[in-house]
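What the coordinates show
These are the residues of each chain, in order.
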Amino acid sequence: MKVVLASHNKKKMAEMKTILSAMGVEVLSQADVGVDLEPEETGTTFAENAAIKAQAVMEATGLPAIADDSGLMVDALNGEPGVYSARYGGPGLDDTGRWQLLLKNMEGIENRACKFVSVICCCFPDGQQLSARGECPGILAHGPTGDGGFGYDPIFYLPELGKTMAQLTPEEKNKISHRAKALAGFQKEWEKQHGTDQ
């Protein structure tokens, strides 16, 4: 089974490939199939945005397409940056700029509870859609630690492991991350629909 990943994020591609290949799914990049789409994420939830991306790539390629929409939700900020995690602070900021802005906005706030959320959606040419959600709870650190991962990983502290997400090996991250949990849920849905032999 081949699916096209509706993302240009190379690190996300690597994570998804590792986890999905264990399900016998071959993940292709948009470049592999000759398309270059960046659908506008107009949804107000992770589920809506994941579906928008997967649907657009599936329609353009005629192949099943899988998308992940994910982000960081901070309790003290009413769930922000949420669906705007990758655009937090506007287009002029990179990953580092975004988490620096978040830490600035959290100055003096004691409640540091937060969670990473991921929704995986796969759209099929026959109109079928599968989706699953995963969450990973954590604490917002006061400063960055570690140089792995991407996005907000350096400031996302996992109390049970005593590390930030950016200090984990890819193997460790792929066991506990929000994306890994969403993909595990997705795998259950996939097996219900397609069996385990595809």
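For the structure, check the block above.
Criteria and cut-off values
Residues numbered from 1 in each chain as written. Predicted model: local features only at pLDDT ≥ 70, side-chain atom pairs only at ≥ 80, totals over all residues. Heavy atoms only, no water. Pairing = 2+ DSSP bridges. Helix = DSSP H or I, 4+ residues; strand = E, 2+ residues; numbered from the N terminus. Phe/Tyr/Trp six-rings, centres within 6.5 Å; stacked < 30°, edge-to-face > 60°. Buried < 20%, exposed > 50% of the residue type's maximum accessible area, 1.4 Å probe, protein only.

Turning to the sheet that holds strand E6 (residues 156-158), a few remarks are in order. Strand order in the open sheet formed by seven strands is E2-E1-E3-E4-E5-E6-E7, with mixed pairing between adjacent strands. In this open sheet, the two edge strands, each paired with only one partner strand, are strand E2 (26-28) and strand E7 (163-164). As defined by bridge partners, E6 adjoins E7 across two bridges and the pair is classed as antiparallel. Counted as the bridge partner of tyrosine 157 is threonine 164 from E7.

Below, the discussion takes up unusual backbone geometry. In this structure, proline 81 follows glutamate 80 across a cis peptide bond, with omega equal to -5°. Within the element layout of this structure, proline 81 appears in the loop between strand E3 (65-74) and helix H3 (95-105). With a phi angle near 55°, asparagine 78 is a residue other than glycine that sits in the positive phi range. As for its position among the elements, asparagine 78 is in the loop between E3 and H3.

Attention shifts here to the packing of aromatic side chains. Applying the stated rule across the entire model yields three aromatic pairs. Between phenylalanine 124 and tryptophan 190, the aromatic rings sit 5.8 Å apart at their centres with planes inclined by 40°, giving tilted as the arrangement. Pair noted here: phenylalanine 124 is in the loop between strand E4 (113-123) and strand E5 (129-140) and tryptophan 190 is in helix H5 (residues 178-194), with a separation of 66 residues, a long-range link. For the pair formed by phenylalanine 124 and tryptophan 190, the shared burial category is buried. On the numbers, 5.8 Å between centres and 50° between planes, the contact of phenylalanine 186 with tryptophan 190 is tilted. In this pair, phenylalanine 186 and tryptophan 190 are both assigned in helix H5, four residues apart and thus about one turn of the helix distant. Residue class for phenylalanine 186 comes out buried when judged on its relative accessible area of 1%. Tryptophan 190 sits in the buried class, given a relative accessible area of 2%. Of the aromatic side chains, those joined through ring pairs into one cluster are Phe124, Phe186 and Trp190.

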